[in-house]
Amino acid sequence: MRFGVLGPLTVWTTAGDVVQVPGAKVRALLAVLLIAQGRPVSADRLAEDLWGDRPPSNPGAALAVKVSQLRRVLEDAEAGGKALVVSGPAGYALRSDEVDALRFVALTEKSGRTDAILTEALELWRGSAYADFVDESFAGPAIARLAEQRLTALEDRAQARLAMGQDAALVGELSDLLAEHPLRERLRAAHMRALYRSGRQTEALDSFQELQERLAEDLGLDPSPELSDLRQAILTQDAGLEAPRSSGNLPAPLGELIGRDDAIARIQARLATDRLVTLTGPGGVGKTRLAVQIAGELVKRFTGGGWLVELAGYHQTCSDALADVVMNALSVRDTSGDTQRSVDRLAAALRERELLLVLDNCEHVIDEAAELVDAVLRAAPGVRVLATSREPLALPGEVVWNVPPLENASAVRLFAARAAAASRDFALDEENAGPVAVLCRRLDGIPLALELAATRVPALGVQGLVARLDDRFRLLATGHRGSPPRQQTLMAMIDWSWELLSEPERLVLRRLAVHPDGCTVEAARAVADLPEDEILELLGRLVDRSMVVAVHGPYGPRYRMLESVAAYCQDRLADAAELPALRARQQRYYVALAEKADPLLRGPDQREWLERLDDEAANFRGALDGAVADQHGEMAVRLATALTWYWFLRGRLTEAKRFLRTALSVADDPVAFAWYTGFSLLQGQEGDVEEALGQLKGQPRLRWFLVSSQTAGSPGGASLAEAMAGLEADGDWWGTAAALLTRAKFAHVRGDLDAIKRDATRASRLFADLGDRWGQLQANEWLAALAELVGDHRRAARLHQEALPIAQDLGLWPDVATRLGWLSWISMQTGDFPQAIEFGGRALRLATEQNSLLGQIMARTGLAYAGRKSGDFALAELHLNQLLDQARDEGTPIYLSMVLVELGFLAEQRGEAAASRALHLEALELAEKMDAPRDTAWALEGLAGALAIAGEQTAAAQVLGAAAAARTAAAMPAAPAELMDVDRITALAREALGDKAFEEAFEAGRELTPAQARQLA
């Protein structure tokens, strides 16, 4: 979310929509918090700023209401928005860096700021700062400060433009500014210089005269000595006033250079200390444009000017021939005869000169260019060289600056600017922003490709461009006539680089295209079918030539190609008729990798292999698609089943099902079918467990997975016992530990405290011995659940808090969501409802992002219970209805009775006795079927409430007694939040019956079984 104060106060969502902030006081509150720039503002100060000398009767409460309204507006606009307004002992603060005023100040204070940077800063202004609060005393200092900073930025920009010789264009702008600020001497000096350099000496002197008269009349002062000296210099036509005259042949920029401000500043800084800087990068990335921009801004530092030598059109076979090209470009006259080499003559000619030499496109004459540059730099200390090349010159002292593709935001800006130039009807808007972002990403942020694509917008539109990107070389086959031939089409751009490669380099490059998302050295070697030392050398050469990018990670480098280069190499693969053999090698390699990783995901190397498999996700998909296309059913099934545990740990159940379904389309396999069934069950969908189990022969670990995936019906049973027996017989201690966890989960439903402790503790020891951190996390979860059951909420919360960083470290985000859900539940049980709602909201957002059904159920449960118990019935009803819909879709899941109980309490507190009774009776029946004692106690307590508001107070007291007896028998005391309901219902019945009658009925109820209590109701 972004905030604008450089004009009327405006709030935008991340998507760019304007947020309406209703209410003058709420808008004023937001303005005060923005003025504080993240610092806390006390409640007293806020109340004074909002109401002045006419405060409400209770300023603190009134302020709290306005803060709540502001938070609601921000949250309604964008999820998580309310968290921007924080409170603490020092007061309230708005914590956001996305404020246009902060951006403006950062840009104007930026080191090495240029005209472009200052213009970007000034374009943030939409009028006067805090325009709708100009009459408010709290805004006065901020408005004045920002206005002064804006004026200083305008002055700085004027100075920058004067230094660039933009005199005539400045006159009008400075005249307008002086009309508003006639006594600003810095503005006046710039105005006088611009007029003088434009040939308007008399007007420059008149400008001084105007200032002199105003100062004398308004302030009784004279102009500063510096301004008087400037007047005298104008009178004498001092040569020092002339605009900087640069020599050289640098072309004028044709338009704004987008997305390179940081690179310009940093490369300029390197050229101040280093004599050779080489810009490398793939074709079309904008090396030449960047070099010319940098040289143009630096040229005034060199008495000999800046000189561009374009080498792309020359194919010289020696450095002397190349030196002749450079001397011709620099207009160096050579009269020394032929006794010296051209390289030496060039070096001698530049010995006493101070200039910036830009050598563009050195890659195809790299050796000759390197020899020439080395000779020049050794002989001429005043020369700096800025080279562009697809590989470094490899000289001592060379600074290599790899020019990356544009980041997506800058790529979108560039495409939008060029598309608007090509089609006057084009404008970036909400409808086309998504397709434009896709287009920029798929064209790799390469400026040339984006500019070529923009020329097709009038004919095809953005959607049409995106739809045709698979045929990008024909799509981008026309460009700008003024460009060099190699930059007129996307194909020509890549052809230029391809032709510079040796045959072995071409072989490796085209074979890398089989990997959809880059690859490791091992994968490249296996698929390219070359020795390791040879593949390493060739990959290094391709990286040097900017055809491949090496991304260094914790487990070694990965080699990636831009999507356009990969598409080009796919065509070269087809030309070479290599694709079938390469695809077979690709399948074998990635199947072997997945099968190697599968057991390692259950041990001490779990994190490493999770991250390695993350990197290979697209390659696994490519291998599977290839296996299916080639009808290699066995390979498809092996790959899909080997990745199942990885998908489970990552919570990517939909992807797992998609892989398994694809594999099953070319091969019938009971193991793949069983995994598919289990993942369906985990998502709350239908799955034929009996059929899946019936097809399996042995496979106790997979049998366990099928049983543990069920969320509906009565837990446990013969299937789990059969799986457990098979696992122990096989000596599969990991599988045994996993089955113990499932048994602990089922024991939790039954409230079997001893079984939870026994099974979770043993599972924890087994997983610790195996080094499986995921397993230890799951054991920790059920030990924490046990602590919560027996009322040790502090220990339960501590165990979950200790587990959170471990789950985050492993990237097990569904587990993180589940832990947050548990913390929401525990906070609710202890009566900390705001904390419960905060944890629940975080859990729900993360679980929704991860598509984790269990995480969503737990989060919604905590939110619903906390909402109802804190009086927010709307919040409770929202989440309870969501849970009920989900539960009805699943059949009869084990959490359904909890949902019915809470709906029953909600109906009771709304006075709906009949509805409450029906809901609690249904919940009680389900709890008895599942042998779930805590659910039984909850349903009985709720049933007592329904009876109490229906006037059946004796029966209510008896059912309360039955609930208390159920809790005692299960050794599960009521939590503080549960006692709130019990105490409320008890008070209703006791008030109606009197103490003695209530106690008699309550004690009689203690003798009732849950079934008898249900019959009584």
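Figured I'd write up the structure that's included with this text.

Parameters at a glance
Residues numbered from 1 in each chain as written. Predicted model: local features only at pLDDT ≥ 70, side-chain atom pairs only at ≥ 80, totals over all residues. Heavy atoms only, no water. Phe/Tyr/Trp six-rings, centres within 6.5 Å; stacked < 30°, edge-to-face > 60°. Helix = DSSP H or I, 4+ residues; strand = E, 2+ residues; numbered from the N terminus. Buried < 20%, exposed > 50% of the residue type's maximum accessible area, 1.4 Å probe, protein only. Lys NZ or Arg CZ within 6 Å of the ring centre and 35° of its normal. Expected span 1.5 Å × (residues − 1). Arc of directions from axis to C-beta. Contact = heavy atoms within 4.5 Å. Pairing = 2+ DSSP bridges. Axes fitted to C-alpha atoms, helices over the stretch in contact; angles between N-to-C directions. Patch = residues over 30% accessible without salt bridge, like charges linked within 9 Å, V, L, I, M, F, W, Y side chains within 5 Å. Areas by Shrake-Rupley, 256 points an atom, 1.4 Å probe, with all protein chains shown as cover. Salt bridge = Lys/Arg side-chain N within 4 Å of Asp/Glu carboxyl O. Lys, Arg positive; Asp, Glu negative; His and termini not counted. Charge placed at Lys NZ, Arg CZ, Asp CG, Glu CD. Left-handed = near helix turned anticlockwise from the far one by under 90°. Nonpolar A, V, L, I, M, F, W, Y, C, P; charged D, E, K, R; others polar. Right-handed = clockwise from strand over helix to strand, strands pointing away.

**Some thoughts on the packing of aromatic side chains**
Taken as a whole, this structure holds 26 aromatic pairs when the rule is applied. For the pair Y590 and F620, a centre-to-centre distance of 5.9 Å together with 80° between the ring planes defines the contact as edge-to-face. Of this pair, Y590 sits in helix α26 (residues 579–600) while F620 sits in helix α28 (residues 617–629), and the two are 30 residues apart along the sequence. Neither Y590 nor F620 differs from the other in exposure class; each is buried. Between the aromatic rings of Y865 and W938, the centroid separation amounts to 6.3 Å while the plane-to-plane angle is 55°, which identifies the pairing as tilted. Here W938 lies in helix α46 (residues 933–949) and Y865 lies in helix α42 (residues 853–869), a separation of 73 residues in the sequence. The buried category is assigned to Y865, whose relative accessible area is 4%. Residue class for W938 comes out buried when judged on its relative accessible area of 4%. Site record: aromatic cluster; members linked through ring pairs are W645, F648, W675, F679, W704, F705, W734, F767 and W774. In this arrangement the basic side chain of R572 is found over the ring face of Y568, its NZ or CZ atom lying 4.6 Å from the centre. The ring of W609 carries the charged tip of R612 above its face, separated from the ring centre by 4.9 Å.

**Observations concerning the environment of V373**
Mapped onto the elements of the fold, V373 is located in helix α15 (residues 366–379). Given a relative accessible area of 1%, V373 falls into the buried group.

**Brief notes about helix α43 (residues 873–890)**
Its 18 residues place the ends of α43 25 Å apart at the C-alpha level, agreeing with the 26 Å of an ideal helix rising 1.5 Å per residue. All of the buried residues in α43 are L875, A876, H879, L880, L883, L884, A887 and E890. Viewed end-on, α43 has its buried residues packed into an arc of 150°, placing them on one side of the element. The exposed residues of α43 that point more than 90 degrees off its buried face are A874 and D889. Close packing links the buried residues of α43 with α41 (833–849), α42 and α44 (896–909).

**Quick word on the sheet that holds strand β7 (residues 306–310)**
Strands sit in the order β7-β8-β9-β6-β10 across an open sheet of 5 strands; the sheet is parallel. The sheet is open, and its two edges are formed by β7 and β10 (399–402), each paired on a single side. Strand-to-strand twist across the sheet, computed as the mean angle between neighbouring axes with direction ignored, equals 20°. Running at roughly 140° to strand β9 (residues 383–388), helix α11 (residues 261–273) makes contact with β6 (276–280), β9 and β10 of the sheet.

**A few points about a negative patch on the surface**
Together, D17, D429, E430 and E431 line one region of the surface with negative charge. Checked against the element boundaries, E431 lands in helix α17 (residues 430–442). A relative accessible area of 69% means that E431 is categorised as exposed.

**Side note on the pattern of salt bridges**
Tallied over the entire structure, the rule returns 66 salt bridges. Across the salt bridge formed by E155 and R186, the nearest N and O atoms sit 3.2 Å from each other. With a gap of 31 residues between them, E155 in helix α6 (residues 140–163) and R186 in helix α8 (residues 185–197) connect regions that are remote in the sequence. For R186, a relative accessible area of 36% gives the class partly exposed. Between R1014 and E928 there is a salt bridge, and its shortest N-O distance comes to 2.9 Å. With R1014 in helix α50 (residues 1010–1016) and E928 in helix α45 (residues 913–930), the pair connects residues that are 86 residues apart, well separated along the chain. Judged by its relative accessible area of 31%, R1014 is partly exposed. By sharing partners, the salt bridges in this structure join E499, E503, R506, R510, R511 and E578 into a single network.

**Comments concerning the packing of α43 against α44**
Where α43 contacts α44, the two axes come as close as 10 Å, and the packing angle between them is 145°. Crossing of α43 over α44 shows left-handed handedness. Taking contact as the criterion, the partners of F873, E877, L880, N881, L883, L884, A887 and R888 in α43 are, on α44, L896, V899, L900, E902, L903, L906 and Q909. Residue classes in the contact of α43 with α44 are distributed as 10 nonpolar, 2 polar and 3 charged.

**Description of the pairing of strand β12 (residues 556–560)**
One ladder, built from 5 bridges, connects strand β11 (residues 549–553) with β12; its direction is antiparallel. Bridge pairing links G553 to G556 in β12. Taking the residues that link successive antiparallel strands as the turn, the β11-β12 hairpin has 2 residues.

**As for the pairing of β9**
Successive residues of a regular strand alternate their side chains across the two faces of the sheet. Counting buried positions over the 6 residues of β9 gives 6, a clear majority of the element. Neither face of β9 is left uncovered, since the one carrying V383, V385 and A387 and the one carrying R384, L386 and T388 both have all their residues buried. Bridge count for β6 against β9 is 4 bridges, and the pairing is parallel. By the bridge assignment, T278 is partnered in β9 with A387. Alignment of strand β8 (residues 355–360) against β9, held across 5 bridges, turns out to be parallel. Within the sheet, the bridge partner assigned to L355 lies in β9 and is V383. Following the backbone out of β8, through α15 and into the adjacent parallel β9, one traces a crossover that is right-handed.

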